[in-house]
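# Breakdown of the fold
Each chain is listed here by its residues.
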Amino acid sequence: MTVQTIATTPIADQKPGTSGLRKKTRVFMQPAYLQNYVQAIFDGIGGVAGKTLVIGGDGRYYNDSAIGIILRMAAANGVARCIVGQHGLLSTPAASHLIRKRCADGGLILSASHNPGGVDADFGLKYNGPNGGPATEAVTAQIFARTLDIASYRILGAEPGSLADLGESRLGEMAVEIVDPVADYAMLMEELFDFDAISGLFNGGFRMCFDAMHAVTGPYAREILEHRLGAPAGTVINGIPSPDFGGGHPDPNPVWAKTLMDIMHGPNAPDFGAASDGDGDRNMIVGAHCYVSPSDSLALLTDLAHLAPGYSGGLAGVARSMPTSSAADRVAEAKGIAHFETPTGWKFFGNLLDAGKVTICGEESAGTGSDHVREKDGLWAVLLWLNILAATGKSVAQLMAEHWERYGRNYYSRHDYESVDITVANALIDNLRTRLKRLPGQVFAGVTISGADEFSYDDPVDGSISTGQGIRIYFEGGGRAVFRLSGTGTEGATLRVYLERLETDPVALAQDPQVALASIIAAADTVAEIANRTGRTTPDVIT
Ligand code: G16
């Protein structure tokens, strides 16, 4: 079997975003596009000769073909072993777990997460390091630098075997091990949670609906919820992964998971609802007639995680991304544990988790996870909620009402303006940036600004500094608006506006967040000149 060295030239747009490289599928399918990026990863991490890599993806269109190319390139670059999920499937948290469990040197995860799949939709690839977590900023920078001076890539002149057959085969000198994508992950969940107590819930008639959104979590949720925990068949809906996610948008939020929201707000609603995204790392939690925002979910899990066996010793600390509400901070303060505020991107939690400074992390973008892996983990969050529901015997609505009574409620919402012209979006952010110092004291839509800055993060573990991580505007009365551009989109720019206000008045804890935040929303729109600059008067997505 011959190793071919193919001459190539740099491709300009291969700068990774918040979580790896995400582009239109047809862009990835262009000659040499994937190959250049894979070779840049291999070179950027210092070569892969003799190493073990975990490979898998969310099953979207082009997943199998891309894995075939990656395997041939891994073999040609001297990789000793590739551990691959059967049919090319691995959820992101399961891949993170496999890297850690098998002491692999890293992994390649093929996913564009919550973005739609299909030949005319999105594709993505990210590299995770030996700790199982997304590449740090430093490693990402090395990979990107390599994309800019790449001159050739190496590929084996032979096709790999079927991804369907469990077991080991060889591709050139390299071992290819096809593994059950679910088994190890399910075992880990059994170690962390009280499966007997959760089974007891289901045996007692507790009803749940889990929407796998035609994505990778389907097989995991069916095995764990229906087979191991005894939830009735049909508890998992949309449970078979499809290359275009059933034509849907596998983003677990009230807009894209509307089917589930309708079920949970309809007559005879189940006790508990949940959804996960394309690659299984995000989660949405909803009780009967009670949606739980990701920020509130993080706060509640921080408060009550000790009820699950895996966390019975308490938490070392909690970390949240800056745009996430500060609800979890108040829980941490009450418990006397550390809390950290990081930039958007799970990669920023890795050092804190590795150093044992935090046990639980979470983001407003529907991500929650713990030190059991180095990725956010959708099903983990669902199981922790189930464990808490079983341990307390309370409903989701009851738990949230009690939480808000004790800690106050951070009304929270994110407004997304999608496919905005990139120049316009950059100008909007630049304009805010240049006005930051002058904003305090100014009044917008009747609300006075009390402070404004741009978030910058000093990593307390490795001392690295990440600047330009979002514009923060604070309002008198305690409200906050954050402005940043998404790093995961593939079309134009997505402007994200994160809105928050703490309410502690016990009689004002049950409002619609859009109503409770109305003055902050108006002030944020006005100060950033959103309508004037983008021509948009309403956001495309409100969560
Ligand atoms: C990724 C990152 C998350 C981030 C989210 C949104 O999630 O892993 O840390 O919060 O993107 O990022 P942005 O606001 O830049 O679009 P995922 O689930 O897409 O991998």
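Keep in mind that what you see is a predicted model, and the values were worked out from it rather than measured. (Residues numbered from 1 in each chain as written. Predicted model: local features only at pLDDT ≥ 70, side-chain atom pairs only at ≥ 80, totals over all residues. Heavy atoms only, no water.)

### Here's the deal with the overall build of the protein chain
When its secondary structure is counted, the protein chain shows 18 helices and 27 strands. In terms of overall size, the protein chain behaves like a compact globule, its C-alpha atoms giving a radius of gyration of 23 Å where 543 residues would be expected to give roughly 24 Å. Overall, the protein chain is about 75 × 60 × 40 Å in size when its C-alpha atoms are taken along their principal axes. In the protein chain, buried positions account for 59% of the 543 residues. By sequence separation, contacts in the protein chain at least 24 residues apart represent 72% of the contacts at least 6 residues apart. When the accessible area of the protein chain is evaluated, it comes to approximately 19200 Å², of which 51% is carbon and sulfur surface. Between the averaged position of the 43 positive side-chain charges in the protein chain and that of its 61 negative side-chain charges there is a distance of 4 Å. (Helix = DSSP H or I, 4+ residues; strand = E, 2+ residues; numbered from the N terminus. Rg over C-alpha atoms; globule rule 2.2 N^0.38 Å. Buried < 20%, exposed > 50% of the residue type's maximum accessible area, 1.4 Å probe, protein only. Contact = heavy atoms within 4.5 Å. Areas by Shrake-Rupley, 256 points an atom, 1.4 Å probe, with all protein chains shown as cover. Lys, Arg positive; Asp, Glu negative; His and termini not counted. Charge placed at Lys NZ, Arg CZ, Asp CG, Glu CD.)

### Section: the site of the ligand
Looking at the ligand, there are 20 residues lining it, with T18, E363, S486, G487 and T488 nearest. With respect to the ligand, the side chain of K376 contributes an N or O atom lying 2.8 Å from an oxygen atom. Protein contact buries 99% of the 460 Å² of open area that the ligand shows by itself. (Near = heavy atom within 4 Å. Polar contact = N/O pair within 3.5 Å; in protein donor to acceptor, adjacent residues only side chain to side chain.)

### Re the domain arrangement of the protein chain
Examined at the domain level, the protein chain breaks down into domain 1 (3-181), domain 2 (185-399) and domain 3 (409-542). Its C-alpha centre places domain 1 at a distance of 35 Å from the equivalent point of domain 3. Between domain 1 and domain 3, the residue contacts involve nine residues of the former and seven residues of the latter. Both faces considered, domain 1 and domain 3 share a buried interface measuring about 610 Å² in area, 40% of it formed by carbon and sulfur atoms. The interface formed by domain 1 and domain 3 contains one salt bridge. At the boundary of domain 1 and domain 3, one finds six residue pairs in polar contact (both at pLDDT 80 or more). A per-element tally of the side of domain 1 that touches domain 3 places strand β2 (residues 21-24) first, with three residues. (Domains from an automatic or database assignment. Buried area = accessible area lost by both parts, 1.4 Å probe. Salt bridge = Lys/Arg side-chain N within 4 Å of Asp/Glu carboxyl O.)

### A short note on the pattern of salt bridges
This model, assessed by the stated rule, comprises 37 salt bridges. For R414, the salt bridge is made with D416, and the minimal N-O distance between the two is 2.8 Å. Through salt bridges that share partners, R320, D329, E341, D453, R472, R480 and E500 make up one connected network.

### Quick word on the packing of aromatic side chains
Per the stated rule, a full pass over the model turns up 10 aromatic pairs. Arranged with centres 5.1 Å apart and planes meeting at 70 degrees, the rings of F28 and F123 form a pair that is edge-to-face. Taken together, the residues F28 in helix α1 (residues 25-28) and F123 in strand β6 (residues 122-128) connect sequence positions 95 residues apart. Assigned by exposure class, F28 and F123 land together as buried. (Phe/Tyr/Trp six-rings, centres within 6.5 Å; stacked < 30°, edge-to-face > 60°.)

### Description of the pairing of strand β3 (residues 52-57)
Most of β3 is tucked away, with six of its six residues classed as buried. Side chains of β3 alternate between two faces, with T52, V54 and G56 and L53, I55 and G57 buried alike. Bridge count for β3 against strand β4 (residues 81-89) is five bridges, and the pairing is parallel. Looking at the pairing, V54 lines up with I83 of β4. (Pairing = 2+ DSSP bridges.)

### Section: the state of the cysteines
Per the counting criterion, the structure on display carries zero disulfides. Here C82 stays unpaired: no disulfide links it, and the sulfur of C103, its closest cysteine neighbor, is 16 Å away. (Disulfide = S-S within 2.5 Å.)

### Considering the sheet that holds strand β13 (residues 283-287)
Spatial strand order, β11-β10-β12-β13-β14: five strands in an open sheet with mixed pairing. Each of the sheet's edge strands pairs with one partner strand only, and the pair in question is β11 (236-237) and β14 (290-292). As defined by bridge partners, β13 adjoins β14 across three bridges and the pair is classed as antiparallel. Bridge pairing in β14 links V286 to Y291.

### Things to note about the packing of helix α6 (residues 183-192) against helix α13 (residues 378-392)
Running from N to C, α6 and α13 point in directions that differ by 30 degrees, and their axes come no closer than 11 Å. As the angle between them shows, α6 and α13 are arranged roughly parallel. Considering how the two elements wind past one another, α6 and α13 form a crossing that is right-handed. On the side of α6, the interface is formed by Y185, M189 and L192, while α13 contributes L379, W380 and L383. (Axes fitted to C-alpha atoms, helices over the stretch in contact; angles between N-to-C directions. Parallel < 35°, antiparallel > 145°, perpendicular 65-115°, else oblique. Left-handed = near helix turned anticlockwise from the far one by under 90°.)

### Brief notes about helix α14 (residues 396-407)
Compared with an ideal rise of 1.5 Å per residue, which puts 12 residues at 16 Å, α14 spans 16 Å between its outermost C-alpha atoms and is within 8% of the ideal. Those residues of α14 that sit buried are V396, L399, M400, H403, W404 and Y407. Take α14 and look down its axis: the buried residues cluster within an arc of 130 degrees, on one side only. Away from the buried face of α14 by more than 90 degrees, exposed residues E405 and R406 are located. Looking one or two residues past α14, G408 carries a phi angle of roughly 85 degrees, positive in sign. (Expected span 1.5 Å × (residues − 1). Arc of directions from axis to C-beta.)

### Focus on the packing of helix α10 (residues 294-304) against α13
Remark: α10 packs on α13, axes separated minimally by 11 Å, with the N-to-C direction vectors making an angle of 55 degrees. Considered as vectors, α10 and α13 are oriented oblique to each other. Where α10 crosses over α13, the two elements pack in a sense that is left-handed. Side by side, α10 and α13 meet where S297, L300, L301 and L304 of the first sit next to W380, L384, W385 and I388 of the second. In the contact of α10 with α13, the residues fall into seven nonpolar, one polar and no charged. (Nonpolar A, V, L, I, M, F, W, Y, C, P; charged D, E, K, R; others polar.)

### Thoughts on the environment of I6
Along the chain, I6 falls in strand β1 (residues 3-7). Classification of I6 by relative accessible area gives partly exposed; the value is 28%. Linking I6 and L432, residues 426 residues apart in sequence, is a C-alpha distance of 46 Å. Residues in contact with I6, not counting those within four places in the same chain, are A151, S152, Y153 and I155.

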